[in-house]
Amino acid sequence: MASIQLTRILWSCKLSTNIALSSRKCCSFRRTRQLDFGTLLKTNFQNRKLTAIRAEKSGNEGSISSAVEGEENSDVISSPEKPGLMLGIDRDDSGSVIGLNLIPGDNEAIDTEVVSTVTKVKDEEIKREKIETRVTYNIVFVTAEAAPFSKTGGLGDVCGSLPIELASRGHRVMVVSPRYLNGTSADENFARVFDANRRIKLQCFGGEQEIAFFHEYREGVDWVFVDHPSYHRPGNPYGDSHGAFGDNQFRYTLLCHAACEAPLVLPLGGYTYGEKCLFLVNDWHAGLVSVLLAAKYRPFGVYKDARSILVIHNLAHQGVEPAATFKNLGLPSNWYGALEWVFPTWARTHALDTGEAVNILKGAIVTSDRILTVSKGYAWEITTVEGGYGLNQLLSSRRSVLTGITNGIHVAEWDPSSDEHIAFHYSAASLSGKVQCKTALQQELGFPIKPDCPLIGFIGRLDYQKGIDLIHWAIPELMEDDVQFVMLGSGDPLYEDWMRSAENTYRDKFRGWVGFNVPISHRITAGCDILLMPSRFEPCGLNQLYAMRYGTVPVVHATGGLRDTVENFNPYAGEGRGEGTGWAFSPLTKDCMLNALKTAIRTYRDHKSTWEGLMRRCMQKDFTWENAAIQYEQVFEWAFIDPPYIV
């Protein structure tokens, strides 16, 4: 079968193929592939388009003969034996040759069916090429929690979902987290986790600390769990009913040391991750990883090609301990300055308190190659005095490497068209099930069945950050209106008691569910008309994303990720159709919150078609992890452009 070598155009000027043209009007080509003339083939190259078309078989088997000397100005070169296949020359405005084009002779006809077939083949090849040429990384997530194995909030959701999405995009992904065992049903999450038969000794806290690794391969991700007796105790990952565990610095120092060793010592799937890793260190619990890479490994030539990215989920928690504990961290003494932290005079406990401390999150900010937050709004807020918790100046100095990426949600778990926790299913195309979910929720809560009564929900921790005090102050005035209000959460015992008493006071209008229950949270999200989130600060927030997915309109304080994800409703935009997905109020006051709520209630009651448009716009928003993963990949690329942190 006759064939021709097609080549990619370069910018130098010489031609080296069977086709001889005058050297002063030619361009050089680099061969990319060989195409047979048995079928029509059309291929787009990076710089120009080159088209090959089958000719009738000629005496020279369809080959292209050399150009005739002296025909430098000819734009078509044909075979002298039989003009079945000709070579057209593309020129620019100056007359210089910029490409070649194979064309059929006068009697040739192009088979459109073949063109269609070849175009499909070409598209498939381009897709394959994109997959094959995508840059992939060995990614190591280091985190205190990862759902479903451990979870107290958004951190667990992120580190349980984002690794799976990145793995599906071709990256090799490991998640390193503690193996929490507390004698409860939560331990069942570790039932398929097996001992990796690898025990190592870590140098920290004045001696050798032995840890073991456990492993499970699930959904394309290596889930690695660090095992130590300090992780085996009742309570949540950070504390119990008596407060935070006093040895949390020890527990998460072990995690960081173990995470640095895991890519080197664990032959997962037959081979280790190796030294060229990308560490994603989440919050202060994992922050020591970045410092260890810079202080303990790179000076000795290990991890010299690795990078670390700090992901800040909540800047309020920084891992601050007395300065005397620095010697326990397993770092060289000359690295104290990276973690040094001095409290201002007003924040010290007594007159003799020098305020000297070590701040692990500060060390991570100093030594990480890139810094991420979980929304663009929060990336800006942490550089301000109000939102920086004392680290705003340091973060401002690293603004060039600071980026915000909004979290995604697990769309398979949170899908009103298939959710196993709700009684009726619905979608943006058919909202009838939404009304049925509301009726079912009213019945479950013991409310009067009133389809036209606005049902407002709150889901979250009962603490100062979530603005629970504003709800407390606003409830008496709100209950004067014809509304129903349901709250789900736990936290401050004072607010738990208040919820119980409010339920007795407003029997037909208020319900308070103390604790947390996943099925109930799904039913509240699906059954409510409005979700209230008056958070003082919210790095990203997930409940407003879940609510929008279920057609429940959010009313939120305009802060952090809430401001990024909830677009203020404008009834006059879009040629009267309206725009926006909810209400974001500011400043954070009781009156401002009530005004936003009352506006939402009036819209619900008096403008049904407008409200339906709001619901549909909410449900059509795309907050998938795929979108977030694409942005993370861009940050990965940036991290490897610059050299790693080296002193």
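The notes below deal with the structure included here. Each residue is numbered by its place in its chain's sequence as written, counting from 1. Whole-chain, interface and lining totals are the exception, using all residues; otherwise, since this is a predicted model, local features are given only for residues with pLDDT of at least 70 and side-chain atom pairs are given and counted only at 80 or more. Each side-chain value is derived from all of the structure's non-hydrogen atoms; neither hydrogens nor water enter the calculation.

### Here we look at unusual backbone geometry
Rules: Secondary structure elements are defined from DSSP: runs of H or I of at least 4 residues count as helices, runs of E of at least 2 residues count as strands, and each element is numbered from the N terminus. With a 1.4 Å probe rolled over the protein chains alone, any residue whose accessible area is under 20% of its type maximum counts as buried; one over 50% counts as exposed, and the rest are partly exposed.
Of the consecutive residues alanine 147 and proline 148, the connecting peptide bond is found in the cis state with omega at 5°. On the secondary structure map, proline 148 appears in the loop between strand S8 (138-142) and helix H2 (154-168). Phi is positive for asparagine 197, which is not a glycine, with a value near 55°. Structurally, asparagine 197 is set in strand S10 (residues 194-204). The residue aspartate 283 is not glycine, and still its phi comes out positive at about 60°. Residue aspartate 283 is classed as buried on the basis of its relative accessible area of 7%.

### Looking at the packing of H2 against helix H17 (residues 625-641)
A pair of packed helices can be characterised by two numbers: the angle between their axes and the separation between those axes. This is how the line gets drawn: Angles shown run from 0 to 180 degrees and are taken between the N-to-C directions of axes, each axis being a line fitted to C-alpha atoms and, for helices, limited to the stretch in contact. Put simply, angles under 35 degrees are roughly parallel, angles over 145 are roughly antiparallel, angles from 65 to 115 are roughly perpendicular, and the rest are oblique. Note on contacts: a residue pair qualifies if any of its non-hydrogen atoms lie within 4.5 Å across the two residues. Amino acids are sorted into nonpolar (Ala, Val, Leu, Ile, Met, Phe, Trp, Tyr, Cys and Pro), charged (Asp, Glu, Lys and Arg) and polar (every other residue, Gly among them).
Relative orientation of the contacting elements H2 and H17 amounts to 75°, with a least axis distance of 10 Å. By the angle between their directions, the pair H2 and H17 is classed as roughly perpendicular. Together, Asp157, Val158, Ser161, Leu162, Glu165 and Leu166 of H2 and Trp625, Glu626, Ala629, Tyr632, Glu633 and Phe636 of H17 make up the contact between the two elements. For the contact of H2 with H17, the per-class residue count stands at 7 nonpolar, 1 polar and 4 charged.

### Quick word on the nonpolar core
Selection rule: The set of buried Ala, Val, Leu, Ile, Met, Phe, Trp, Tyr and Cys residues whose side-chain atoms join them within 4.5 Å is what this entry labels a nonpolar core.
Among the nonpolar cores identified, the biggest contains 102 residues, and Phe213 and Phe279 are the most heavily contacted of them. Here phenylalanine 213 is in contact with Asp195, Ala196, Asn197, Arg198, Ile200, Val224, Phe225, Val226, Ala258, Ala262, Val265 and Leu266, once residues within four sequence places are set aside.

### Some details on the pattern of salt bridges
Filter applied, for reference: Between Lys or Arg on one side and Asp or Glu on the other, a salt bridge is scored when a side-chain nitrogen of the former is within 4 Å of a carboxyl oxygen of the latter.
Overall, the coordinates contain 22 salt bridges when judged by the stated rule. When the shortest N-O distance is used, the salt bridge between arginine 523 and glutamate 444 registers 2.9 Å. A residue pair is termed long-range when its members are at least 10 positions apart, and arginine 523 in helix H12 (residues 518-527) and glutamate 444 in helix H9 (residues 432-445) qualify at 79 residues. On the basis of relative accessible area, arginine 523 is assigned to the partly exposed category, the value being 24%.

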